[in-house]
Amino acid sequence: MKHRKHMLAALAAGSLLLSGCAAAAGAAGPGSTAVVPSSSSAVAEPGHAGGHGHGSSSSPGAPAAVGPSDAALMVCGDQPMDRLTSILDLDSKPHTVDNWADSTFTCIYHLAEGALEISVREAGDEASARTYFDAMQALAKDAKPIQGLANLGFPAFETADGSAVFQKDNFVLQVDATDLPATLGPESITRNALAYQLSTTILACWVEHH
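Now for a description of the structure that goes with this document. Keep in mind that this is a model prediction, so the values were computed, not measured.

### Some words on the nonpolar core
Within the largest apolar cluster, 39 residues are counted, with the highest numbers of intra-cluster contacts made by Val 75, Leu 84, Leu 116, Ile 118, Leu 173, Leu 194 and Trp 206. Looking at this core, the elements that each hand over two or more residues are α2 (70-73), α3 (78-88), β3 (104-111), β4 (114-122), β7 (163-168), β8 (171-176) and α5 (191-209). A total of eight residues in this core trace back to one element, the largest contributor, which is α5. Counting residues in each nonpolar core, the second largest holds nine residues, with Ala 123, Phe 133, Met 136 and Phe 157 among its members.

This is how it looks when you write it as structure tokens:
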């Protein structure tokens, strides 16, 4: 409880705590397309630095998830969508496509500049999530730990080409902006800053609902 209060205070201090965070129950909204395969594995090694480990292998005692949790669905919900629309000053909400495979829920935002991919890996437990996170960091090119207050108390790293990864509880959150230009939007925000801001928006929702 003390740690949770500290996290809420840290998020609020950074103007990151959003009111009314809610899961996107099944879809991101109009124009989104959901693809939900029937089978998945609870724990798999990452297939590449920013990947979801399509060659999956179950670990003992970690049951396969039958579908994404409400927390995972938030990556395709109103909060990151509204934040993205605001940062880039978009005239309309971008089209999204979401998918559930290998215990990973992925939401791809189709922007004029390229695709922005946000994914959540749901491991069987916190230790398995940390193992997956560590493997991602080890495989990522030019990975740099996010330290101090910036990581909000969670294991986190970013890559030079625009990807941010956080681990919280049994979740590994990745915002992958590597397909986007180095800067974008009216404020010329860097793709690294965009990935970080969207990550903290989602983490704020997770902390609020924990």
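### Digging into the pairing of β4
Of all the nine residues making up β4, seven are buried; the element is thus mostly covered by neighbouring parts of the structure. One ladder, built from eight bridges, connects β3 with β4; its direction is antiparallel. Bridge pairing links His 110 to Ala 115 in β4. What sits between β3 and β4 in their antiparallel hairpin is a turn of two residues. Bridge count between β4 and β8: six bridges; the pairing is antiparallel. Counterpart to Ser 119 in the pairing with β8 is Gln 174.

### A few points about the state of the cysteines
As enumerated under the stated definition, the model contains one disulfide in all. At a sulfur-sulfur separation of 1.9 Å, the disulfide partner of Cys 76 is Cys 107. Taking the sign of the S-S torsion, about 60° here, the bridge from Cys 76 to Cys 107 comes out right-handed. Remark: Cys 107 occurs in strand β3 and Cys 76 occurs in the loop between α2 and α3; sequence separation between them is 31 residues. Taking relative accessible area as the criterion, Cys 76 reaches 1% and is therefore assigned buried.

What counts, and where the lines are drawn
- Residues numbered from 1 in each chain as written.
- Predicted model: local features only at pLDDT ≥ 70, side-chain atom pairs only at ≥ 80, totals over all residues.
- Heavy atoms only, no water.
- Core = buried A, V, L, I, M, F, W, Y, C linked by side-chain atoms within 4.5 Å.
- Buried < 20%, exposed > 50% of the residue type's maximum accessible area, 1.4 Å probe, protein only.
- Helix = DSSP H or I, 4+ residues; strand = E, 2+ residues; numbered from the N terminus.
- Pairing = 2+ DSSP bridges.
- Disulfide = S-S within 2.5 Å.

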